[in-house]
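Architecture at a glance
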Amino acid sequence: MNSFVEYTAAVHMSTILLAPPIALRRAQEDDLPLLYRVYASTRQDELAIVKWDEAQKEWFLRMQFDLQTRAYAQTFPGADCQVVLRDGQPIGRLMVERTLGQIILVDIALLPEHRHAGIGAALVRMVLNEAAAASKPVVLHVEKSNRARFLYERLGFVMCAADDVYLEMRWPAHGIAP
């Protein structure tokens, strides 16, 4: 399955009109370097203030990426990990776990040069339309400091729990996604 339309048909979702060069494909073992780059790009702001040299930062990022990869595999064993493509080039990832009672948006991340272009919002709307069609809520966790939380709020997610670092947000299955 290489096209967005094929992907949406395969998981019984409504098709969201994305710009034609956007597609999804299942992540494979040889995508690990890309997935690491995407992950590392999400940590650059916080590492900018740390007084480590580049080798220390690289070691830390690789360790954290490995821990996240293992934690996701253990916590979300049925998650569908997709590579986001723009004009055929990999630019990010979308990870979704589908259970009987809900859809969990495990992770969504794009390389910095592809952020703020509506791609992430369109991908979240795609998941919301799938959830609406199945009458299931969507749940996600986001760091309190992550600007994406404002996108989630605009799309109808509400905070349902919080700790010192993360917000748990829920989109109730109440019809058509915004």
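Now for a quick tour of the structure. Here the structure is a predicted model, which means the values were calculated and not measured. (Residues numbered from 1 in each chain as written. Predicted model: local features only at pLDDT ≥ 70, side-chain atom pairs only at ≥ 80, totals over all residues. Heavy atoms only, no water.)

1. What about the overall build of the protein chain?
When helices and strands are counted, the protein chain shows six helices and seven strands. The N-to-C order of helical and strand elements in the protein chain reads α-β-α-α-α-β-β-β-α-β-α-β-β. For the protein chain, with 178 residues in total, the buried portion stands at 43%. For the protein chain, the share of sequence-separated contacts (at least 6 apart) that also reach a separation of at least 24 residues comes to 54%. Counting every atom, the protein chain has about 10,000 Å² of accessible surface; 55% of that belongs to carbon and sulfur. (Helix = DSSP H or I, 4+ residues; strand = E, 2+ residues; numbered from the N terminus. Buried < 20%, exposed > 50% of the residue type's maximum accessible area, 1.4 Å probe, protein only. Contact = heavy atoms within 4.5 Å. Areas by Shrake-Rupley, 256 points an atom, 1.4 Å probe, with all protein chains shown as cover.)

2. Structural notes on unusual backbone geometry
The backbone phi angle of Asp87 is positive, close to 55°, even though this residue is not glycine. Its location among the elements puts Asp87 in the loop between strand 2 (80-86) and strand 3 (89-98).

3. Section: the pattern of salt bridges
For the structure on display, the rule yields 10 salt bridges. Ionic pairing is found between Asp80 and Arg26, a salt bridge with its closest N-O pair at 2.6 Å. One end of the pair, Asp80, is in strand 2; the other, Arg26, is in strand 1 (residues 22-26), with 54 residues separating them in the sequence. Under the relative-accessibility criterion, Asp80 is labelled buried at 9%. For Asp80, the salt bridge goes to Arg98, with nearest N and O atoms at 3.7 Å. (Salt bridge = Lys/Arg side-chain N within 4 Å of Asp/Glu carboxyl O.)

4. A word on the pairing of strand 7 (residues 166-171)
Side chains on a regular strand alternate between the two faces of the sheet. Here strand 7 shows one buried face, formed by Leu167, Met169 and Trp171, and one open face, formed by Tyr166, Glu168 and Arg170. In terms of strand pairing, strand 5 (residues 138-143) meets strand 7 through six bridges, oriented antiparallel. Residue pairing across strands places His141 opposite Glu168, the latter belonging to strand 7. Where strand 6 (residues 158-162) lies against strand 7, four bridges are found, and the strand directions are antiparallel. Of the residues in strand 7, the one forming a bridge with Ala162 is Leu167. Where strand 6 folds back on strand 7, the antiparallel hairpin that results is connected by three residues. (Pairing = 2+ DSSP bridges.)

5. A word on the sheet that holds strand 7
What links the strands of a sheet is backbone hydrogen bonding, and the strands pair in either a parallel or an antiparallel sense. A sheet is described by the order of its strands in space; here seven strands give the open sequence 1-2-3-4-5-7-6, paired in mixed fashion. Looking along the sheet, the strands with just one partner apiece sit at the ends: strand 1 and strand 6. On average, each strand axis in the sheet is inclined to that of its neighbour by 30°, with strand direction left out of account. Here strand 1 pairs with strand 2 via five bridges, running antiparallel. Considered in strand 2, the bridge of Ala23 is made with Leu85. Against the sheet, helix 5 (residues 119-134) makes contact with strand 1, strand 2, strand 3, strand 4 (103-110), strand 5 and strand 7, and its axis sits at roughly 165° relative to strand 4, the strand it touches most. (Axes fitted to C-alpha atoms, helices over the stretch in contact; angles between N-to-C directions.)

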